[in-house]
Each structure stands twice: as C-alpha cells, then as structure tokens.
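# Topology and contacts: notes
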Amino acid sequence: MKSIRSSLLRSAALLAAALFAVLAISLSLAVKSAGTGTYTVYADEDYYSETTHFATESAFDSYLKASSGTAAFSEATESLGNNTEFTSATAQSMWVCETEDENGVVNESRLLSKAEVEEIENGDASIKLLSSGETEIGSDTESYYKLTIVLEVLHNTSNGYYTVTGTASWDKIVSSSSKKSAEENYEDYIGLTWGGNGAFKALSYSASGTYYNGKSATMTRCISDTYNGYVWQFYEKSGFLGKELENATVTANISLIGAEQGKETNAKLTYIHTYGTLESGFTVSLSSNGSLSAGLTMSSSENAWQIQVDVSGIPY
C-alpha cells in the first residue's frame, strides 16, 4: 500500500507541476521545465526571483552540488541516513541592494527587479561598480547581494516522521570583502512552519549559522509552537568590522499524531531581513492557518522585508 500511495503522490505532483506551469504562463511568468516534473519560475513582480521546484531527489542533489552556500544543507540531510525518501524541495534566489551613507550606516534595503539585476551584471555605463559589488552614488554606497533560500521535506520510512530542513545563504562573491555592508546591530529572522491543523507534532528541532569568517552565529529561538513551527533570530553580521552571514540552517522532525485523514499540507520557510531603526515594539508573530502552513507576520514593514518558499505534498 505504501508503494501505491507513493506512486499516486508522485503522479499528483507531476500533474500539479504541469498545471502550475500552464497557469504561470497565463500570468506572464517565465517557466523553464527540466522535463522530469522539475521546473523553474522566473517572476518579476514586486521583485525579481528565480524559484525552482524539484520533483526528484536526483535533480535536487544535482542542484546542491552545483550551488554555493548549500554545504551545511547537504550535511544536515546526509546525516539522516538511508531510511528516508524524498518528498519535495524548493529553492528561490533573489537579489538585494543595500544603501549605506558615508558613515557606513544602512539606510535602505530592497529587493531588485530583473532590469536592475541585468544592469548590474552587464556593467551598465550608468553604474560605477566598485570592488565587491559596490556602487558609489554621491556620498552613499550601494552593495549588492544574492540571497537564496532552500526548503526540503524528507519522509523517514523507519519511523514515519518527516524531516523539514531549510537554509538561507548570502552570496559570498559579493559580500565577502566588504567591511561596511550588513548590519551588526539588527537581527534577522528565519522561520520553519507547517500545516495540518494540528495533525503534526514536532519531535525535535535545531538551528545553526555560520559567518564568512568561520564564526558560528547565535541562533536564538524566539517563537516555539510544537504544532505549527519555530522561529529563530540572529545577527546578520558577526560584530563591528566582522563578516556577513554565510548560511543559516534550521531543521524540524515532525510526526503525524492520530490516523491519516486523506489530506495534504505544506511546509514553509520564511526569512525576514531588518535594517535601520525599527519601530518601537517591532515583533514577529506566528499565525496558524488551518490545513495550510502557519505564516509569519511582522508588526511593521518599515525597515524590514520578508521572503518565503514552501513545499507541498505532505500527506496527513
């Protein structure tokens, strides 16, 4: 019965991928398929992003091997052993511009459009690139980064629980040598959540982070909900004149409680970036969303923005 259910789930995932591709095209989104149910969506709405949905483990493994900043993610999943089967995975990349004043204080952070990314990559004449992806504008300096978030769900065949692993990685090429970029005084947040309307309970969880100077980030758990998810906060930079975050990895092992209901839910990875002076009383909260994955909400979007990816097809 388990093999039949797995086959049905894979068939449903492939059909959903095909339907989504058709829908995406109708919404003027560029879609590139790998021919195996794995496809990439190139979206340029509020900001430009490249989101790849992996339908097979081999396609996802190939992505990890070819991508920088995913070593910690690979180690986390490999440590689970051979008693796991691939459910699904999603990776999303976007590009960030941060503007610093003459004192090195970040006064703006925003996600770039496709046109802006192409201008920077092509070395447009109107943009004077400095070392480490920086641009000089009057007394201000702009720094550019590539941010990638990845989420994978594995099913443990020996005990039945699901392992949900997510990472956030800042591109090393752009950020490794700048001394002014990133904010050592403001914290970012990373959240790992799931749905099921209370059908899943977390058995264990972990979080770790590494800066480009090799130092470990202190990951402080600020929200804990056994039936919906966890959120951690950390500094994006390892102190004054330190280095930026290379990656943050979070994991939760969740188990179905009670009998299966013949339904499906999703898991979600959310990254919140803060900069500048936040409003007094700034908070991040977790809101349950019934059968769908719980979401993260900021009390204010001033000097802060958030991104997220999700993985569907988790039966309960």
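Residues numbered from 1 in each chain as written. Predicted model: local features only at pLDDT ≥ 70, side-chain atom pairs only at ≥ 80, totals over all residues. Heavy atoms only, no water.

### Details of the overall build of the protein
Helix and strand counts for the protein stand at five helices and 18 strands. For the protein, buried positions account for 48% of its 316 residues. Taking the contacts inside the protein whose residues are at least 6 apart along the sequence as the reference set, 73% of them involve residues at least 24 apart. For the protein, the accessible surface area stands at approximately 14700 Å², while carbon and sulfur atoms represent 49% of it. (Helix = DSSP H or I, 4+ residues; strand = E, 2+ residues; numbered from the N terminus. Buried < 20%, exposed > 50% of the residue type's maximum accessible area, 1.4 Å probe, protein only. Contact = heavy atoms within 4.5 Å. Areas by Shrake-Rupley, 256 points an atom, 1.4 Å probe, with all protein chains shown as cover.)

### A look at the confidence of the model for the protein
Mean pLDDT over the protein: 78, with 72% of residues reaching 70 or higher. Confidence, expressed as mean pLDDT per element, reaches its minimum in the protein at strand β6 (residues 129-130) with 39 and its maximum at strand β3 (residues 48-54) with 95. A low-confidence stretch, residues 125-138 (pLDDT under 50), is modelled with 27 contacts involving residues beyond four sequence positions or located in other chains. Contacts for the low-pLDDT stretch residues 173-181, under 50 throughout, to residues beyond four places or in other chains number 24 contacts. (pLDDT = per-residue confidence, 0-100.)

### Section: the pairing of strand β10 (residues 187-194)
With seven of its eight residues buried, β10 lies for the most part within the structure. Strand direction decides the pairing type here: β10 and strand β13 (residues 229-235), joined by seven bridges, are antiparallel. Paired with T193 across the strands is G229, a residue of β13. (Pairing = 2+ DSSP bridges.)

### Some thoughts on the packing of aromatic side chains
For the structure shown, the criterion picks out 14 aromatic pairs. For the ring pair F60 and Y63, a centre distance of 6.3 Å and an interplane angle of 20° mean the geometry is stacked. Within this pair, F60 and its partner Y63 are both found in helix α2 (residues 57-66), separated by three residues, close to a single helical turn. Assessed through its relative accessible area of 0%, F60 is described here as buried. Measuring from ring centre to ring centre gives 6.5 Å for Y205 and W232, while their planes differ by 55°; the resulting arrangement is tilted. You can see Y205 sitting in strand β11 (residues 200-211) and its partner W232 sitting in strand β13, a full 27 residues away along the chain. In this structure Y205 comes out as partly exposed when scored by relative accessible area, which is 36%. Overall, the relative accessible area of 3% leaves W232 in the buried class. (Phe/Tyr/Trp six-rings, centres within 6.5 Å; stacked < 30°, edge-to-face > 60°.)

### Details of the nonpolar core
Of all hydrophobic cores here, the largest spans 40 residues; its most connected members are I190 and Y271. With sequence-adjacent residues up to four places away left out, Y271 is seen in contact with L147, I149, A168, W170, D188, Y189, I190, F234, L245, W305, Q306 and I307. One finds Y189, F282, V284 and L296 within the second-largest nonpolar core, a separate group that totals 11 residues. (Core = buried A, V, L, I, M, F, W, Y, C linked by side-chain atoms within 4.5 Å.)

### Thoughts on the environment of T265
Mapped onto the elements, T265 comes out in strand β15 (residues 264-274). Given the relative accessible area of 4%, T265 is considered buried. Placed 66 residues apart in sequence, T265 and A199 show a C-alpha to C-alpha distance of 9.9 Å. Leaving out residues up to four positions away in the same chain, T265 has contacts with G195, G196, F200, S291, L292, S293, V311, S312, G313, I314 and Y316. Of the polar contacts made by the side chain of T265, one reaches the backbone oxygen of S291; its length is 2.5 Å. (Polar contact = N/O pair within 3.5 Å; in protein donor to acceptor, adjacent residues only side chain to side chain.)

### Quick notes on unusual backbone geometry
The phi dihedral of N197 is positive, around 55°, even though this residue is not glycine. By the secondary structure assignment, N197 is in the loop between β10 and β11.

### Concerning the side chain of T51
As for its position among the elements, T51 is in strand β3. Within polar-contact distance, the side chain of T51 engages the side chain of Q92 at 2.9 Å. When sequence neighbours within four positions are dropped, the list of residues in contact with T51 reads Y39, T40, V41, T90, A91 and Q92.

### Regarding the pattern of salt bridges
Under the defined criterion, the tally for this structure stands at two salt bridges. Between E108 and R110 there is a salt bridge; the shortest N-O distance is 4.0 Å. In this structure, E116 and R110 form a salt bridge, with 2.8 Å as the shortest nitrogen-oxygen distance. You can call R110 partly exposed: its relative accessible area is 26%. Here the residues in one salt-bridge network are E108, R110 and E116, joined through shared partners. (Salt bridge = Lys/Arg side-chain N within 4 Å of Asp/Glu carboxyl O.)

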